[in-house]
Amino acid sequence: MNRRYLTEKIYKALMLGCLAIVIGSLFMVIGITFWHGGTVLLEKPDIVITPPGPRYLLGGEGGFLHATLGSIYMVLPATICAAIMAMGIALYLQSDYSSERIAESIRTVLDALWGTPSIVYGIFVFTILVYIHQRASLFAGIIALTLLELPIITRYTDEAIQMVPRQLKESTYSMGSTRWETAKVVARYALPGATAGVLIGLGRGIGDAASVIFTSGAGSTMPSGLFSTATALPVMIFQQANSCYPSVREQAYAAACVLILVVFTLNVTSRLVTRYLSRYVPRGR
Amino acid sequence: MKGLHGLRQRHRKEQITSNSMRVLMWAAVALFMTIFLLLVAKSSLLFSRHSILEVLFSSTWDPERGAFGLSSVILGTFAVTVLSMAMAIPVSLFSAIYLSEYAPWRVRSIFSTFINVLAGIPSVVFGIAALLVLVPFVSESLGPWLGVETTGMCVFTAGLILAIMVFPITISLSLESLRMLPIELREASLSMGMTQWETIKHVLLKAAAPGLISAMLLGFGRAFGETMAVAMVIGGKNQLTGLFSAGQTMPSLIVNSFGEMMSIPIEQAALIFVALLLLIIVTGFNILARIIKNRLKERWKI
Amino acid sequence: MIRRESVKGATVLAAVALICCTSLCGCLGSGDTTIQISGAWALYPMMVVWADEYQRTHDISIEVSGGGAGKGVSDVLNGMTDIGMVSRPLRSEELGQGVFYVAVTKDAVVATVNKDNPTLPAIQQQGLSREDLSSIFTKQITHWGDAIGQDLSDDKIIVLGRSDASGAAQVWASYLGNCTQSDLQGHADANYDGDMNLARGVKQQKNAIGFNNLNYAYDIETGGFVEEIRPVPLDLNGNDMLDPDENFYTSRQQLVENVSTGVYPTPPSRQEYLASKGPFQGATKDFVLWILTDGQAFITENGYVQLSPTVLQQETTYATTGTRG
């Protein structure tokens with residue numbers, strides 16, 4: 001009898017230990033980034049909005065505005081496009097539009113796309129670029145990010161739409177709505193979940209380097225147009241994290257800190273937005 | 001609501017939107033096919049001069065000499081991934097079990113938040129953390145303790161950081177699978193006098209097995225395809241010589257070599273083939289995970 | 001209900017439009033001519049400086065991006081860029097596709113060791129010959145004691161290299177002879193992604209040896225030794241002694257002079273090239289000629305090495321005539 005309870009206690013301690021490992025790793029990662037990057041940001045917060053000088057990579061002056069802007073210019077349009085397309089796809093996966101079998105196979109394909117490593121998306125867009133004789137540009141980066149975010153956002157939207165109670169749809173149909181009008185109602189109901197998905201997709205996009213590094217040029221100049229080269233924060237971190245020049249290195253750490261702060265903000269925003277939008281949904285979430 | 005005279009208009013809107021959504025949906029399928037076919041087409045050049053057996057099973061990767069043997073790189077990728085899963089599976093399983101069966105819902109909610117934050121951290125940030133914390137730890141503390149000489153930039157460190165990166169997927173999906181089980185299962189088992197742990201071990205784990213396995217497979221797929229963090233700490237050596245020596249994975253090979261190997265068509269084809277192989281393996285795991293998960297859903301009719 | 005929805009829809013559209021407009025604004029700003037340059041990371045910082053200086057005095061827009069020497073060549077061959085930066089000798093397959101190139105600057109790769117290396121004083125006195133270095137980097141000699149002829153059996157040599165395909169690794173491999181980049185990678189104990197990473201690796205381990213661009217082996221400001229790494233003098237005539245005319249490693253200026261005059265051998269010093277598909281033309285040609293004349297003034301202060309006057313003359317002729325005949 002005692003042995004069984006002892007086993008129980010041991011396993012429970014083991015489990016708590018594992019949980020501690022997980023939390024510990026999280027704090028380790030965040031802690032080291034804040035320690036190295038936060039100190040830099042506190043000293044000179046304006047490097048986020050200062051453009052790089054000409055001798056930037058050689059330890060000269062300037063900040064990483066080129067990466068900040070590049071990230072914003074790439075991620076926002078990509079997320080918006082992906083969100084719109086995702087909503088369309090997710091709506092069409094409903095039973096009133098497609099048959100069960102087709103929906104299942106499409107979901108499998110979406111799963112496959114979701115799991116595709118981001119570097120494959122980068123190589124894919126890059127290969128197309130070479131094929132049509134175009135240079136690496138901001139636009140190509142946007143395309144790569146859209147493709148990357150699409151499966152993620154679609155999956156969350158799809159799950160949110162599946163949660164919509166059948167009675168809602170039945171009642172709108174019974175009043176003579178077309179499928180599209182019903183879809184609009186469904187979309188509003190699924191908005192909290194879909195928005196959460198969009199914000200997760202955004203977070204993924206802003207933190208991804210592998211797909212951007214081949215497609216958008218990875219330079220150290222300010223983005224000057226849709227078809228000019230640009231870089232993004234994660235790419236710049238990857239390239240500068242081990243520079244010989246301490247100032248260049250520090251900027252990488254500061255940028256990493258910025259990225260983590262952005263992720264935090266997105267997380268918090270996601271929760272707030274979900275709660276705000278849940279007022280459209282009876283019984284809330 | 002518009003009246004009967006708006007019927008034609010509404011019908012037209014219905015048609016337009018329905019068609020556009022259908023196009024989008026098939027476009028998603030087309031996307032995957034296009035990616036696959038394009039990679040195949042572009043890597044075919046490699047096979048005009050080398051046999052596939054040679055590419056897959058030779059261990060010499062020396063593009064300047066025309067040798068494109070990938071076996072070390074493939075093994076390296078598996079080694080790093082298996083290592084990371086070996087570390088991640090027990091930790092995440094135990095964590096998920098605790099969160100699902102023992103923790104009050106508030107604790108569960110807080111930890112879910114933590115895990116979501118961990119999930120959102122970009123991989124380059126993990127790479128930096130690995131460089132600053134794990135590499136010195138392995139080279140100065142762990143290595144000497146185990147009696148190995150290592151620079152810290154090795155397969156082990158890559159496995160370590162990958163395990164941390166994989167936690168969110170494995171924990172949250174395992175948690176979901178466990179929560180999905182009907183409460184009657186637990187009640188029946190406890191009513192027969194089993195302790196909570198015995199319930200978990202003998203009943204719940206077996207019941208949730210498909211979901212748990214699916215979670216681990218998805219984690220495997222994620223770890224397999226991870227690029228940035230691994231490239232920063234693995235030491236870029238195209239030969240697998242030991243757990244604490246440098247190695248190379250398929251994604252890190254691509255990101256390290258792409259700049260140089262662009263100008264010569266056959267070298268470019270070789271790298272694109274690596275990307276194709278990566279896609280095939282990862283997709284295989286993902287689809288397997290999905291099939292297994294569906295079996296869980298069928299079993300419990302959820 | 002409908003109003004709220006259309007307001008939301010309108011906001012989204014407005015946001016998208018705003019973002020696209022701001023992105024496109026730059027497009028309108030740039031003039032008709034833009035010179036597109038891409039290629040080797042080794043030459044990238046210098047090119048950014050050159051582009052910046054040139055744009056101040058000329059009404060033209062220049063865009064520089066990186067990606068590696070191979071990408072530079074492939075971009076010009078595909079017509080995606082006007083100039084490709086190449087940090088290594090061009091390969092026959094590339095030349096066969098019609099690449100034309102001129103040298104615009106030099107830099108050099110030096111072997112580097114940690115300042116706490118037990119044999120450092122001996123190395124600084126005797127230098128290491130090509131054969132010594134070749135044996136070290138291919139792991140035929142494994143202890144520092146054997147490398148220098150002293151009894152130091154505890155100190156194993158830790159060989160470091162580059163994990164990314166790079167011009168520096170290639171030129172170092174060709175110096176050691178009978179060796180490719182992949183060989184070096186295979187023998188190394190650890191490979192780092194990027195020149196500066198490698199320098200840091202050497203800094204962190206006292207028994208390490210690596211190879212770096214001479215920029216990173218010296219302090220960028222003062223030209224003196226930088227923190228924990230030291231360049232390895234080359235014993236050029238193999239007599240196990242560093243003769244006075246071989247001893248030029250105490251400051252970057254000294255080394256740079258000797259690289260420029262060619263005393264420091266090529267390889268491991270190397271020329272950096274600008275490549276294009278066929279001879280340079282038009283605005284691109286003007287820029288390249290500017291680099292070969294006025295642009296040379298910016299080279300040393302940014303850590304690169306000037307070509308010797310004769311070579312410079314030759315390259316300018318090549319650029320003007322469009323052939324390397």
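Residues numbered from 1 in each chain as written. Chains lettered and ligands numbered in written order. Predicted model: local features only at pLDDT ≥ 70, side-chain atom pairs only at ≥ 80, totals over all residues.

(A) Region of interest: the interface of chain C and chain B. At the interface, 26 residues of chain C touch 22 residues of chain B. Elements with a minimum of two residues in the side of chain C that touches chain B: helix 3 (69-77), helix 4 (92-96), helix 9 (181-187) and strand 6 (190-192) of chain C. No other element matches helix 3 of chain C, which puts 6 residues into the side of chain C that touches chain B. A per-class count over the side of chain C that touches chain B returns 7 nonpolar, 13 polar and 6 charged. (Contact = placed C-beta atoms within 7 Å. Helix = DSSP H or I, 4+ residues; strand = E, 2+ residues; numbered from the N terminus. Nonpolar A, V, L, I, M, F, W, Y, C, P; charged D, E, K, R; others polar.)

(B) Representation of the interface of chain A and chain B. Counting residues at the interface gives 65 residues for chain A, matched by 63 residues for chain B. Every element with two or more residues in the side of chain A that touches chain B is listed here: helix 1 (2-43), helix 2 (65-92), helix 3 (100-115), helix 4 (118-131), helix 7 (179-207), helix 8 (210-215), helix 9 (233-240) and helix 10 (246-277) of chain A. Here the side of chain A that touches chain B gets 21 residues from one element, more than from any other, and that element is helix 1 of chain A. Taken together, the residues of the side of chain A that touches chain B sort by class into 45 nonpolar, 14 polar and 6 charged.

(C) Region of the structure containing the domain arrangement of chain B. All names here are of chain B. According to the domain assignment, chain B contains domain 1 (2-49) and domain 2 (56-300). At the interface, 8 residues of domain 1 touch 10 residues of domain 2. A breakdown of the residues in the side of domain 1 that touches domain 2 according to their chemical character gives 5 nonpolar, 1 polar and 2 charged. (Domains from an automatic or database assignment.)

(D) Spatial organisation of the nonpolar core. Core analysis: the largest hydrophobic core is formed by 280 residues, its most contacted members being Ala255 and Ala256 of chain A together with Ile161, Val233 and Ala275 of chain B. When near neighbours in sequence (up to four residues on either side) are disregarded, Ala275 of chain B contacts Ile119, Val120 and Ile123 of chain A together with Leu39 and Ile254 of chain B. (Core = buried A, V, L, I, M, F, W, Y, C linked by C-beta atoms within 7 Å. Buried ≥ 20, exposed ≤ 12 C-beta atoms within 10 Å, placed from the backbone.)

(E) Broad picture of the environment of Gly217 of chain A. Its location among the elements puts Gly217 of chain A in the loop between helix 8 and helix 9. On the basis of neighbour counts, which here come to 28 C-beta atoms within 10 Å, the residue Gly217 of chain A falls in the buried class. Distance in space between the C-alpha atoms of Gly217 of chain A and Ser137 of chain A is 6.1 Å, their sequence separation being 80 residues. Beyond its immediate sequence surroundings of up to four residues, Gly217 of chain A is in contact with Ala136, Ser137, Thr229, Ala230 and Thr231 of chain A together with Ser65 of chain C.

(F) Spotlight on the packing of helix 1 of chain A against helix 8 (residues 196-225) of chain B. Contact geometry for helix 1 of chain A and helix 8 of chain B: axes closest at 8 Å, N-to-C directions at 75°. With respect to each other, helix 1 of chain A and helix 8 of chain B are oriented roughly perpendicular. Residues Arg4, Thr7, Glu8 and Tyr11 of chain A of helix 1 of chain A form the contact with helix 8 of chain B, whose own contacting residues are Gln196, Trp197 and Glu198 of chain B. Counted by class, the contact of helix 1 of chain A with helix 8 of chain B contains 2 nonpolar, 2 polar and 3 charged residues. (Axes fitted to C-alpha atoms, helices over the stretch in contact; angles between N-to-C directions. Parallel < 35°, antiparallel > 145°, perpendicular 65-115°, else oblique.)

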